[in-house]
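Take a look at the letters that make up each chain.
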Amino acid sequence: MPTSAHDLPLQPLLHDGVCTFKAPFQAWSRHDGNMTRPADGVFVGDTRIISARELRVADRHPEHLDSAIVGGSQAVFSGAVRYLDTSGADPRVVVRTRRSVSESGFRERITIHNGLAEALETELCVNLHVSLDTMSAIKAGNSPTDDPGITLAGGASCEVSGAGITAKITAEGAEAEHSGGEVSFVWKVKVPAHSSLTSEWEIVLVDSELPVGPAGITANLSFRPQVADARAIRWLEQAEPDLENLLMTVRAEPELPFFAAGAPWFFTLFGRDSLWAARLVLPATWRVAATTLAVLAKFQGTRNNPDTAEQPGKIMHELRFEDFNIPGEGVRLPPLYYGTIDATPLWISTLFDAHKAGMPLSDVEALLPNLRRALDWIVNDADSDGDTFLEYIDESGHGLANQGWKDSGDSIQWNSGDLAEGPIALCEVQAYAYEALLKGASLLEKFDGDGEAYRARAEEIKANFHAQFWVEDEVGPYPAIALDKSKRPVDSLTSNIGHLLGTGILTHEEEGIVAERLIGEDMNSGFGLRTLSTTAGGYWPLSYHGGSVWTHDTAIAIVGLMRAGFEHHAKTLIDSLLRAAEAFEYRLPELFSGDGSLSHPLPYPASCRPQAWAAASAIAVADCLARIEAAEN
């Protein structure tokens, strides 16, 4: 009998978890501090070291009282131990765990506070399941590794090695027990009356062969524009430390930090994501953009390889320790994968924008060879059929079917809900290419180069876009999301059109049409911009790319509206996004439900939170709001 979809493992949910992180380490748990859910554990890069953690006092679980995140890299969990208490109503024995995640490891300080009039003798126990699970296996819902191979190092410590890392787990003053992947640390404690006693355990990374590592520096983000709306400042205050903690490097280039795309699934270098995050924070700093551009240039494609989607001049998509598999979809992404159609033009425009924001001329000049190769990729390899448009199709048979920012398999739909067939030419990618060709030409000309051919190609793309991408419904015209394999415009109304604004590919009149469509009731959920209109046949508010709201997507539309001169429309979407920020306690997730009928936004349960371009959106949106308020006063 064939296996039904109900029998297959499910991707773990994240929305009700507590995340503490400092790249390359991250930890996920329940609100009581215990790690029991499928995605819980302690991770370094793409490897989970601990898949379960349980705290017991006198062989019982404390009763959860509170959890608090402190700056992203720390959390404090408090619980009552009433079963060791007096018979009164007041909790006199409390256990408090301070969890700290650093760029080199993980630590818990567990303190028993005794408010009784006599000393308290008890036993404190931390039970762990040590594993070496890959991120793709966890994301697929597979069970943790049973026995990763643990070596007791003597005393209360053990060592685990494999999957590119060696880590040492130590608990000073404890007795250690080990069986298979299970490790228990037990402290026999005596807490004086009206006093406290602390026990500690930690994980330290001894050695790593992972491609990513700690940044070792800070981004120095401290952006406080003059805005009257306190919600924007609250969002900034949460987003900035999150971005600092997402900062990491490639081990081969330790001086070139970038923002990891997001926790937990994408805790590594991503071309598109890392570039957009760096570009969105340009009002605060150009430095992360400069180092992100430089590290991506190190991986720029040099040859044609259908298996990895590499092409000469192309900017990579993602970097992993090993293959990343997506079960059920037949997807296997190699460790260095180039399957992205938009990272290369985004790299060019980010270079121009970073220079405009303050990136030194010498740093720009060092990247000129990469710039020329990227421009040539747009003109040559990206246009597979000679129609000037950039299009994609997976040639490997195991890569991503869709290679724009909406890269899920069902993201490119007709208004009927049917899927479009590739090769696919996305609307926003043509806008990115148009903008990149003009900005790249300007940079070349600044250094006495010739940019005329690239300017001419940009104008060809613009003319062809105007002729082929516009469709119409009962409300009026709008740009289609894409052209399909037959060069037919795929007629669903999507948030992708917000990415066209300010790039120059539209006339001012056309930008006005797009601006009006974006704030319509079918697109503006009241909490941000829906990825797909509610009038589309495939709309569903909890669809990954077919009706949900993505924080960065709305922010890009806001920035575009400001560039195009539509401040009122931008303010409408800013208000929507700030409502969502307030509801999510100012740590906006990667995406959430597009259902606007509720009083608060519904979480998308597998969404990354924190996530780089969602956090970076706080800076871009605050900058836009400050300019709107300044113009009004």
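Residues numbered from 1 in each chain as written. Predicted model: local features only at pLDDT ≥ 70, side-chain atom pairs only at ≥ 80, totals over all residues. Heavy atoms only, no water.

### Quick word on the environment of Gly-216
Moving on, step 1. Along the chain, Gly-216 turns up in the loop between strand 16 (212-214) and helix 2 (230-246).
Moving on, step 2. Exposure remark for Gly-216: the relative accessible area of 56% places this residue in the exposed category.
Moving on, step 3. When the C-alpha positions of Gly-216 and Gly-41 are compared, they lie 24 Å apart, and in sequence the two are 175 residues distant. (Helix = DSSP H or I, 4+ residues; strand = E, 2+ residues; numbered from the N terminus. Buried < 20%, exposed > 50% of the residue type's maximum accessible area, 1.4 Å probe, protein only.)

### Some words on the layout of surface pockets
Moving on, step 1. Of the pockets and cavities examined, the largest pocket occupies roughly 1,200 Å³.
Moving on, step 2. Around the largest pocket sit 45 residues that line it, and Gln-11, Lys-139, Ile-326, Glu-329 and Tyr-544 are the ones nearest its centre.
Moving on, step 3. Every element with two or more residues in the lining of the largest pocket is listed here: helix 1 (135-139), helix 3 (271-280), strand 20 (324-326) and strand 21 (331-333).
Moving on, step 4. A per-element tally of the lining of the largest pocket places strand 20 first, with 3 residues.
Moving on, step 5. Class assignment for the residues of the lining of the largest pocket results in 24 nonpolar, 12 polar and 9 charged.
Moving on, step 6. Counting contributing residues, the lining of the largest pocket receives three or more from each of domain 1 (18-208) and domain 2 (212-632). (1 Å grid on protein atoms, 1.4 Å probe; cavity = no way out; pocket = protein on both sides within 12 Å on 5 of 7 lines; lining within 4 Å. Points joined across faces, edges and corners; volume = space filled by probe spheres on them. Nonpolar A, V, L, I, M, F, W, Y, C, P; charged D, E, K, R; others polar. Domains from an automatic or database assignment.)

### Structural notes on the pattern of salt bridges
Moving on, step 1. The final tally for this structure, using the stated rule, is 37 salt bridges.
Moving on, step 2. Note that Glu-63 and Arg-82 form a salt bridge whose closest N and O atoms lie 2.7 Å from each other. Taken together, the residues Glu-63 in strand 5 (residues 63-70) and Arg-82 in the loop between strand 6 (74-80) and strand 7 (93-101) connect sequence positions 19 residues apart.
Moving on, step 3. Owing to a relative accessible area of 33%, Glu-63 belongs among the partly exposed residues under this scheme.
Moving on, step 4. Taking relative accessible area as the criterion, Arg-82 reaches 48% and is therefore assigned partly exposed.
Moving on, step 5. Ionic pairing is found between Lys-439 and Glu-435, a salt bridge with its closest N-O pair at 2.7 Å. In this pair, Lys-439 and Glu-435 both sit in helix 8 (residues 427-446), 4 residues apart, roughly one turn of the helix.
Moving on, step 6. Judged by its relative accessible area of 4%, Glu-435 is buried.
Moving on, step 7. The network of salt bridges with common partners includes Arg-279, Asp-353, Glu-435, Lys-439 and Arg-563. (Salt bridge = Lys/Arg side-chain N within 4 Å of Asp/Glu carboxyl O.)

### Comments concerning the state of the cysteines
Moving on, step 1. Tallying each qualifying case throughout the model produces 0 disulfides.
Moving on, step 2. Here Cys-158 stays unpaired: no disulfide links it, and the sulfur of Cys-125, its closest cysteine neighbor, is 13 Å away.
Moving on, step 3. Exposure remark for Cys-158: the relative accessible area of 1% places this residue in the buried category. (Disulfide = S-S within 2.5 Å.)

### Things to note about the sheet that holds strand 3 (residues 41-44)
Moving on, step 1. One open sheet holds the 7 strands; their spatial order is 1-2-3-4-9-14-13, and the pairing between them is antiparallel. Since the sheet does not close on itself, it has two edges, and those belong to strand 1 (18-22) and strand 13 (175-179), each with one partner. Across the sheet, the mean angle from the axis of one strand to that of its neighbour is 20°, orientation sign disregarded.
Moving on, step 2. Here strand 4 (residues 47-57) runs beside strand 9 (residues 120-134); their pairing, made up of 9 bridges, is antiparallel. Counterpart to Arg-48 in the pairing with strand 9 is Asp-133. (Pairing = 2+ DSSP bridges. Axes fitted to C-alpha atoms, helices over the stretch in contact; angles between N-to-C directions.)

### A few points about the packing of helix 7 (residues 368-379) against helix 8
Moving on, step 1. At a minimum axis distance of 10 Å, the contact between helix 7 and helix 8 shows a crossing angle of 145°. Every pair of crossing elements has a handedness; the one defined by helix 7 and helix 8 is left-handed. Counted together, Leu-368, Leu-371, Arg-372, Leu-375, Ile-378 and Val-379 of helix 7 and Ala-433, Ala-436, Leu-437, Gly-440, Leu-443 and Leu-444 of helix 8 form the full contact between these two elements. (Left-handed = near helix turned anticlockwise from the far one by under 90°. Contact = heavy atoms within 4.5 Å.)

### Details of empty space enclosed by the protein
Moving on, step 1. Enumeration over the complete set of coordinates arrives at 4 cavities of 30 Å³ or more.
Moving on, step 2. In this structure, the largest cavity occupies an estimated 80 Å³ of space.
Moving on, step 3. As for the largest cavity, its lining consists of Asp-46, Thr-47, Thr-134, Met-135, Ser-136, Ala-163, Arg-320, Phe-321, Glu-322, Asp-323 and Phe-324.
Moving on, step 4. Tallied by class, residues from the lining of the largest cavity come to 4 nonpolar, 3 polar and 4 charged.
Moving on, step 5. Two domains each provide a minimum of three residues to the lining of the largest cavity, namely domain 1 (18-208) and domain 2 (212-632).

### Let's talk about the domain arrangement of the protein
Moving on, step 1. As assigned here, the protein comprises domain 1 (18-208) and domain 2 (212-632).
Moving on, step 2. If you average the C-alpha positions of domain 1 and of domain 2, the two centres end up 38 Å apart.
Moving on, step 3. Taken together, the contacts link 26 residues of domain 1 with 27 residues of domain 2.
Moving on, step 4. Buried surface at the junction of domain 1 and domain 2, both sides included, amounts to about 2,200 Å², of which 65% is carbon and sulfur.
Moving on, step 5. Applying the counting rule to domain 1 against domain 2 returns 1 salt bridge.
Moving on, step 6. Our count for the contact surface shared by domain 1 and domain 2 stands at 7 residue pairs in polar contact (both at pLDDT 80 or more).
Moving on, step 7. Of the residues in the side of domain 1 that touches domain 2, the class split is 13 nonpolar, 9 polar and 4 charged. (Buried area = accessible area lost by both parts, 1.4 Å probe. Polar contact = N/O pair within 3.5 Å; in protein donor to acceptor, adjacent residues only side chain to side chain.)

### Notes on the packing of helix 2 against helix 12 (residues 567-583)
Moving on, step 1. Orientation of helix 2 relative to helix 12, taken along the N-to-C sense of each, is 55°, at an axis distance of 10 Å. Considered as vectors, helix 2 and helix 12 are oriented oblique to each other. Like other packed secondary-structure pairs, helix 2 and helix 12 cross with a definite hand, here left-handed. Contacts between helix 2 and helix 12 involve Arg-231, Ala-232 and Trp-235 on the former and, on the latter, Asp-575, Leu-577, Leu-578, Arg-579, Ala-581 and Glu-582.
Moving on, step 2. Of the residues assigned to the contact of helix 2 with helix 12, the class counts are 5 nonpolar, no polar and 4 charged. (Parallel < 35°, antiparallel > 145°, perpendicular 65-115°, else oblique.)

### Structural notes on the sheet that holds strand 18 (residues 253-259)
Backbone-to-backbone hydrogen bonds pair the strands of a sheet. The strands run either parallel or antiparallel.
Moving on, step 1. The sheet built from 3 strands is open, its strands ordered 16-17-18 with antiparallel pairing. Taken across any chain shown, the strands that pair with only one partner, and hence form the sheet edges, are strand 16 and strand 18. Averaged over all pairs of adjacent strands, the angle between strand axes in this sheet comes to 45°, irrespective of strand direction.
Moving on, step 2. Across 3 bridges, strand 17 (residues 247-250) lies against strand 18 in antiparallel orientation. What sits directly across from Val-250, in strand 18, is Glu-253.
Moving on, step 3. Across the face of the sheet, helix 2 comes into contact with strand 17 and strand 18 while running at roughly 20° to strand 17.
Moving on, step 4. Across the sheet, helix 4 (residues 287-298) touches strand 17 and strand 18, and the angle it forms with strand 18 is around 115°.

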